[in-house]
Amino acid sequence: MSDLVKLTIEGHEVEAPAGTSILEAAKLVGILIPHYCYHPALPVAGSCRMCLVEVEKSPKPQPACATPITPGMVVRVASDVARAARRAVLEFLLINHPLDCPICDQAGECELQDYTHEEGRAAGRYADYPKRYNPVEDFGPDVLYVPNRCILCTRCVRFMENVAQEPTLNVSERGDRARIGVFPGAALDHPWAGNVVDLCPVGSLLSKDFLNKARVWDLDKTASVCGGCTQGCNITLETRDNAVVRVKPRPNMAVNRWFICDEGRLGYAWLNRADRIEAPLVREGGRLVPVEWEVALARAAELVGAGDGPAVGLVSPGASCEALEAAARVLAARGEGSAGAFRVRQGPERPLAGVPDLALRAERAPNVAGALAAGFGRDWDAAVARARAAGLVLVLDESLAGLAEPVTDGALLYIGTVLPETARGAVVILPCTNVAEEEGSFVNLRGLRQRYAQARTPPGMARPAAWILDAILAALPARAARAGGRA
Amino acid sequence: MAITVKTMPRPETESSYVRATLKGMALTFRHLLAPKWTMQYPEQTSAPDWKLSPRWRGTHRMAVDEAGKAKCVACGLCPQVCPANCIKLIPGEDEKGNRYPLVYEIDEFRCVFCGYCQEVCPEEAIHVGVHYENAEYSRDAFVYDLERLMRQPHPVSTLWDPSDPKGE
């Protein structure tokens, strides 16, 4: 660690490593200096002038983001000089900023709105001049650019240049005609491009997916973990009326910093699927009959406890660690030789160049490491072959897509969110919750076990798979006696 | 056991009803000749010296633009400010990319007629109305949807006195 520098910010004694900016040092004592162009993930631009603070013995206010701390420095954030400077900056920014907060998606989480409310002028002084107007531009698959709202902080430009390392955006034109432009022939289609929407402090860069969908203050936010790949990015699931409407990154310096890829950002529709199994189903005669949980669990325990031969588990690497571990325990209770396997959907690996060890991984499932740790293997084809002759096949949230029907000649115990055609021959079908409807944890590819929380209520009678499997385990008829009887 | 009733002996002048009746009838006949104050509602709803205040806050009305579309841009401020939580709003996007209310419903039963929705509206779209005659055949009909709100013919509230906007 380099030398610590002592300084005073707003009367607070602060000690920070040499080279730290005033803005970062102020964060250490809980003071957030207003800023637009500065972002900890991006190189310092110092262009917005919003973070001007008064530094004693300095002739003019200094930009807090670009001024390194020095020993004995005395910084004032809320002094008259600093306030007047920021007020003037806000007034300049608002000269051409449209008054369209009512139809702007950023309203409610807009930094321009917040800081203007905090320390801006109540009324503008440029009422006689028409505001600059430029039409909305389409930047790429999910990004829309509204030039009128832009404050030219260039966060998006710097993200594409320094973090994505695929320069796509620039500042076109000069002076008051300046706006963000796309290089000719290029489009903002980088697999991580959606992050510019989060980085934009105002409503200039918008997600087409979320456009006009909801007001941000209506959203309930729940900490979760992305289920898109083995990276395990931390996300916030934003729900309204029990439906996930937006996914935002949740900063975690150890995993995904401030970012998530577009596939994770836009791949949430399956969480809201309507064609879910809502009640436990049990085969009676030739038909599947909806029953109470007690009946279904007793029947499932009967299936696991009775019958001969080892069972085969076909599990999903998208299930929680808790569910996978419980499934492993159920298979172990069945007796020796019982084992399970999983398969993982593959896709191209899409790294984010500027951040070490961050990529949309090739294995597109969140809990591959968790499934391996629970004792499930990757020998999917062998497990499917064994399943055909097995006495019992336990399926945990696996789509069974591409498998020949029937999956097994024995009994099929299906635990899942939806009911695929291939699973309709099951003896017992138990509805389980998806990642947005339960609490659980995933292990990412670096072995980090991360918890996620429940964001919406499950449909019908669905329960977390871990509960279901533990209940089956508890209801198993005299496991000990069975083991003793065999010996 | 028999119930014994105690009778209070009173003089004839006190126990007779004739005097009281005459007194009451005198009052009645006096009013027959006096000027009348009653308004003949519902035939008559206002009088020269009495009408509903322009600041009356009654059931809502949605303003429409020249094209006959609702002025609402679905900004979400009225459901946010509503203390009774009676406004349901789901924003949508029309074919031109304009924001508009996909669903806009006000539960008039739940409404407390505070007028905050009118005050907060940046587009001057939703108003409380100068109107008090609300009768329906079912409770459901008191949930006014957007079309109903746009159809309402009654005048809208001014909320404050134009000659004294600060209420001084």
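This is a predicted model, so every value here is computed, not measured. (Residues numbered from 1 in each chain as written. Chains lettered and ligands numbered in written order. Predicted model: local features only at pLDDT ≥ 70, side-chain atom pairs only at ≥ 80, totals over all residues.)

K.L.:
Looking at this model, I keep getting lost on the overall build of chain B. Mind explaining?
P.N.:
Scanning chain B from N- to C-terminus turns up 5 helices and 5 strands. Across chain B, helices and strands are ordered from the amino to the carboxyl terminus as α-α-β-α-β-β-α-β-β-α. Its C-alpha radius of gyration of 27 Å places chain B more than 25% over the 15 Å reference for a compact globule of 168 residues. By the burial criterion, 23% of the 168 residues in chain B qualify as buried. Contacts in chain B between residues at least 24 apart in sequence constitute 73% of all its contacts with a sequence separation of at least 6. (Helix = DSSP H or I, 4+ residues; strand = E, 2+ residues; numbered from the N terminus. Rg over C-alpha atoms; globule rule 2.2 N^0.38 Å. Buried ≥ 20, exposed ≤ 12 C-beta atoms within 10 Å, placed from the backbone. Contact = placed C-beta atoms within 7 Å.)

K.L.:
What am I meant to see in the overall build of chain A here?
P.N.:
A tally of helices and strands in chain A yields 12 helices and 24 strands. The C-alpha extent of chain A, read off along each of the three principal axes, is 90 × 50 × 40 Å. The buried share of chain A, reckoned over its 487 residues, is 47%. The long-range fraction of contacts in chain A, counting pairs at least 24 apart against all pairs at least 6 apart in sequence, stands at 63%.

K.L.:
Would you mind going over the pairing of strand β3 (residues 99-107) of chain B with me for this structure?
P.N.:
The side chains of a regular strand alternate, residue by residue, between the two faces of the sheet. Residue and element names in this part refer to chain B. Note that strand β2 (residues 87-93) and β3 share 7 bridges and pair antiparallel. Within β3, the position partnered with I90 by the bridge is V103. With antiparallel pairing between neighbouring strands as the criterion, β2 and β3 make up a hairpin whose turn holds 5 residues, including G97 at a positive phi of roughly 85 degrees. In this sheet, strand β5 (residues 143-144) lies alongside β3 in antiparallel orientation, the contact comprising 2 bridges. Paired with D107 across the strands is V143, a residue of β5. (Pairing = 2+ DSSP bridges.)

K.L.:
Looking at this structure, I do not really get helix α7 (residues 293-305) of chain A. What am I missing?
P.N.:
Residue and element names in this part refer to chain A. Relative to the 18 Å expected for 13 residues at 1.5 Å per residue, α7 spans 18 Å between its end C-alpha atoms, a close match to the ideal helical length. For α7, the set of buried residues is A296, L297, R299, A300, A301, L303 and V304. Looking at the packing, one finds that the buried side of α7 touches β14 (281-284), α8 (321-334), β20 (392-396), β21 (411-416), β22 (428-431) and α11 (465-475). Immediately beyond the C-terminal end of α7, within one or two residues, lies G307, with a positive phi of roughly 80 degrees. (Expected span 1.5 Å × (residues − 1).)

K.L.:
Is there a simple way to think about the confidence of the model for chain A in this case?
P.N.:
It should be kept in mind that the predicted coordinates are not to be read in detail where pLDDT is low. Residues of chain A with pLDDT of at least 70 account for 97%, and the chain-wide mean is 92. Under a pLDDT of 50 for its full length, residues 480-487 of chain A has, in the predicted model, 0 contacts with residues more than four places off or in other chains. (pLDDT = per-residue confidence, 0-100.)

K.L.:
Explain the sheet that holds strand β10 (residues 205-207) of chain A here, please?
P.N.:
Where strands meet in a sheet, backbone hydrogen bonds hold them as pairs that are either parallel or antiparallel. All names here are of chain A. If you walk across this open sheet you meet the 3 strands as β6-β7-β10, and the pairing is antiparallel. The open sheet has two edge strands with one neighbour each: β6 (137-138) and β10. Here β6 pairs with strand β7 (residues 143-145) via 2 bridges, running antiparallel. Residue pairing in the sheet places D138 in a bridge with L144 of β7.

K.L.:
Any chance you could explain the confidence of the model for chain B here in plain terms?
P.N.:
Averaged over all residues, the pLDDT of chain B equals 90, while 100% of them reach at least 70. ipTM for the predicted complex: 0.76, alongside a pTM of 0.86.

K.L.:
Help me understand the pairing of strand β13 (residues 243-249) of chain A in this model?
P.N.:
Residues and elements named next belong to chain A. Relative to β13, strand β12 (residues 234-240) is paired through 6 bridges, and the arrangement is antiparallel. Note on β13: the bridge partner recorded for L237 is V247. Where β12 folds back onto β13 in an antiparallel hairpin, the turn is made up of 2 residues, including D241, whose phi is positive at roughly 50 degrees.

K.L.:
Help me understand the sheet that holds strand β2 (residues 12-17) of chain A in this model?
P.N.:
Residues and elements named next belong to chain A. Across the sheet, 5 strands lie side by side as β2-β1-β5-β3-β4; this open sheet has mixed pairing. Lying at the two open borders of the sheet, with one neighbouring strand each, are β2 and β4 (62-63). As defined by bridge partners, strand β1 (residues 4-9) adjoins strand β5 (residues 74-76) across 2 bridges and the pair is classed as parallel. Counterpart to I9 in the pairing with β5 is V75. Sheet contacts for helix α2 (residues 80-95): β3 (52-55) and β5; angle to β3, the most-contacted strand, approximately 160 degrees. (Axes fitted to C-alpha atoms, helices over the stretch in contact; angles between N-to-C directions.)

K.L.:
What is the right way to read the nonpolar core from this model?
P.N.:
The nonpolar side chains of a soluble globular protein tend to be buried, and buried together. If you look at the biggest cluster of nonpolar residues, it comprises 141 residues, and the most contacted ones within it are A327, V393, V395 and L413 of chain A. For this core, the element with the most residues is α8 of chain A, which contributes 8 residues. Ignoring anything within four residues of it in the chain, the contact list for V393 of chain A reads A311, V312, L314, A387, V407, T408, G410, L412 and L413 of chain A. C82, C86, C111 and L149 of chain B belong to the second largest nonpolar core, which has 21 residues in total. (Core = buried A, V, L, I, M, F, W, Y, C linked by C-beta atoms within 7 Å.)

K.L.:
Where do I start with the domain arrangement of chain A in this structure?
P.N.:
Reports often express the size of an interface as the amount of accessible area lost when the parts come together. Residue and element names in this part refer to chain A. In terms of domain boundaries, chain A breaks down into domain 1 (4-91), domain 2 (130-218) and domain 3 (281-486). Measuring from the centre of the C-alpha atoms in domain 1 to the corresponding centre in domain 2 gives 27 Å. On the side of domain 2, 10 residues touch domain 1, which itself brings 9 residues to the contact. Here the residues of the side of domain 1 that touches domain 2 sort into 7 nonpolar, 2 polar and no charged. (Domains from an automatic or database assignment. Nonpolar A, V, L, I, M, F, W, Y, C, P; charged D, E, K, R; others polar.)

K.L.:
Can you help me understand the interface of chain A and chain B in this one?
P.N.:
Opposite the 9 residues of chain A that make contact, chain B presents 11 residues. Here the side of chain A that touches chain B is built from residues that sort into 5 nonpolar, 1 polar and 3 charged.

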